[in-house]
Amino acid sequence: MSQSPAPRIGIIGTGAIGGFYGLLLARAGYDVHFLLRSEYRAVAERGLQLDSAAHGALLLAPVQAYRNTGDMPPCDWLLVGAKTTANTELAPLIAQVAAPGAKVVLLQNGLAVEDELRPLLADDLHLLGGLCYICVHRSGPGVIEHQALGAINLAYHSGPAAGDARLALVEEGAGMFRAAGLDSAAMPDLDQARWQKLVWNVPYNGLSVLLDADTRQLMGNADSRALIRDLMLEVVQAAQALGHAMPENYADKLLAATERMPDYLPSMYHDFAQGRTAELPAIYAAPLAAAATVGCDMPKVRALYQALSFIQARREG
């Protein structure tokens, strides 16, 4: 591997998201170190493979792969690709890998996911949110299928930086992703950015599970498409009630953008299909609770959450 520039980047959770962004950053010359668990041996032996509609077939080999955080070098940036369901287990891993003053970026869906982690981190660490707009999944050990999109926006949550220093730090992170050939922007308001992403995640994640359908099937039926729009409008109205500006006609713009996407099964579909605990608290419970604080009800979102909770509880016995 050629000499890489600073900063050193660690990937905590080398699944589809962490693997995709980590691979492209490594190919751009960054010093990237990957933490893996079940797929460690496959990646250590064969590397990370990306089959991408946008970037072609790419292979990162050898990979700076680790089974334990204790073996990793101190990292200046940590990209956390683990699911929100594992957030309570993240703090010890981050503490072992983070260099002093490191920037920790949660590449996760949902609302308030940083709030649970912040009290468990050292005061000198910066905590950021990463909003990933991408269609990607794993098809095998160390193999990532990328169907479309790939933009990643960053926003500051908490840490020692203040004022303009926060936005400058976020812009530094966005610059790394742009250097890797990805669209990336520094966002001034993390809560607003997370609500904006929920407008897509709330309907498509849950309905893909409930109706056993991909995005094209959901968009191709008049009833499911109308339900998607209703769910989107409830999320938009809740965000606005909480004081977050939303783009004009945002629901209709997202519907049009989804029509241009390839067939896609969202991450929650894969979680249910593979027997993993789904991110229902972050994607549904937290937004419902936040909306309730300002007297805003989301009845269709609540019904979807209740149906998904029943399915998950029955599966878990």
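My aim in this report is to walk through the structure given alongside it, one point at a time. Since we're looking at a predicted model, the values are computed, not measured. (Residues numbered from 1 in each chain as written. Predicted model: local features only at pLDDT ≥ 70, side-chain atom pairs only at ≥ 80, totals over all residues. Heavy atoms only, no water.)

Now for the packing of helix 11 (residues 280-292) against helix 12 (residues 299-315). At a minimum axis separation of 10 Å, helix 11 and helix 12 run at an interaxial angle of 145°. Judged by the sense of rotation from one axis to the other, the crossing of helix 11 with helix 12 is left-handed. Counted together, L280, Y284, A285 and L288 of helix 11 and V301, R302, L304, Y305, L308, S309 and Q312 of helix 12 form the full contact between these two elements. Its residues assigned to classes, the contact of helix 11 with helix 12 shows eight nonpolar, two polar and one charged. (Axes fitted to C-alpha atoms, helices over the stretch in contact; angles between N-to-C directions. Helix = DSSP H or I, 4+ residues; strand = E, 2+ residues; numbered from the N terminus. Left-handed = near helix turned anticlockwise from the far one by under 90°. Contact = heavy atoms within 4.5 Å. Nonpolar A, V, L, I, M, F, W, Y, C, P; charged D, E, K, R; others polar.)

Turning our attention to unusual backbone geometry. Residue P62 is reached from A61 by a cis peptide bond, and omega for that bond is -5°. With respect to the helices and strands, the residue P62 is situated in the loop between strand 4 (56-60) and strand 5 (65-66). Even without glycine at this site, A112 takes up a positive phi of about 60°. Tracing the sequence through the fold places A112 in the loop between strand 7 (98-106) and helix 4 (113-117).

Turning next to the nonpolar core. Counting residues in hydrophobic clusters, the biggest one holds 42 residues, and the most contacted among them are W195, M232, M268 and Y284. Secondary-structure elements contributing two or more residues to this core are helix 6 (190-210), helix 7 (215-219), helix 8 (222-241), helix 9 (250-259), helix 10 (267-273), helix 11 and helix 12. When sequence neighbours within four positions are dropped, the list of residues in contact with W195 reads L111, V235, A238, A239, L242, H244, M246, P287, A290 and M298. Grouped together as the second largest cluster of nonpolar side chains are 40 residues, Y30, L36, L50 and I134 included. (Core = buried A, V, L, I, M, F, W, Y, C linked by side-chain atoms within 4.5 Å. Buried < 20%, exposed > 50% of the residue type's maximum accessible area, 1.4 Å probe, protein only.)

Side chains L48, L50 and S52 project from strand 3 (residues 48-52) onto a buried face, and the interleaved Q49 and D51 project onto a face without burial. Here four bridges tie strand 3 to strand 9 (residues 143-158), and the two strands are oriented parallel to one another. Looking at strand 9, one finds that L50 is bridged to I144. (Pairing = 2+ DSSP bridges.)

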